[in-house]
Amino acid sequence: MGETNIFLIGFMGAGKSTVARALHALYGKDRIEMDQKIEEQEGKTISRIFQEDGEAYFRRKETEFLLALPTDRGLVVSCGGGVPMREENVKAMRSRGKIVWLHASPETVFERVRHSHTRPLLEGNMNAGYIQKLMEERRPKYEAAADIIAVTDGKTAAEIGKEIMTRLNAPEG
Ligand code: S3P
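Residues numbered from 1 in each chain as written. Predicted model: local features only at pLDDT ≥ 70, side-chain atom pairs only at ≥ 80, totals over all residues. Heavy atoms only, no water.

Please clarify how the sheet that holds strand 4 (residues 97–103) should be interpreted in this entry.
Sheet strands line up and pair through hydrogen bonds in the backbone, either parallel or antiparallel. Judged by pairing direction, the sheet is parallel, and its five strands sit side by side in the order 2-3-1-4-5 without closing on themselves. Only two strands of the sheet have a single partner each, and these edge strands are strand 2 (31–33) and strand 5 (148–151). If you compare each strand with its neighbour and ignore which way they point, the axes differ by 25 degrees on average. For strand 4 and strand 5, the ladder comprises four bridges, and the chain directions are parallel. Bridging from a neighbouring strand, Val100 pairs with Ile148 of strand 5. Contacts between helix 5 (residues 87–94) and the sheet are confined to strand 1 (5–9) and strand 4, with strand 4 contributing the most and set at about 120 degrees to the helix. (Pairing = 2+ DSSP bridges. Helix = DSSP H or I, 4+ residues; strand = E, 2+ residues; numbered from the N terminus. Axes fitted to C-alpha atoms, helices over the stretch in contact; angles between N-to-C directions. Contact = heavy atoms within 4.5 Å.)

Quick question: what am I supposed to make of unusual backbone geometry here?
Glycine aside, a negative phi is what most residues show, and trans is what most peptide bonds show. A positive phi angle is found at Asp72, which is not glycine, with a value near 50 degrees. When you line up the elements, Asp72 lands in the loop between helix 4 (55–67) and strand 3 (76–78).

This is the structure in structure tokens:
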């Protein structure tokens, strides 16, 4: 059996892409950015996919993408924030590796995403109150999906990456 895949889940701006880069830099893990792969496949940005094809179409693409992934390749997959909302996605991840929830407070997320315009769900809703509300709605799904929870507030990506690997390699991990 090969090395387990790691799926990074969590809210927009929780640090999934940054931590995936740290896991690549520290441990040489191959890194997959799900949003970026879907953008490449579709030949347009996530914002345009939402506008032109609709959110339901995008969600189907996420599921198809996960189902096409191999098991046990030691990949780090940085997932879109909405991925764990679908049970079939959670099953697909669980059967292909370990699921790590990167948790950040609404304040941290707001500071990280406030100037960005690449996330259709936050366009017109770019405020801490909305982020907090959506995060609360999603929390039970993130929690239920996670094998490991890593709190990211105030930590560097390298610290979080090391913490994840230590915990995944621990006997109970
Ligand atoms: C989404 C998160 C985004 C992207 C899309 C929808 C979500 O990814 O997949 O805009 O539903 O939370 P990031 O979490 O990488 O920003």
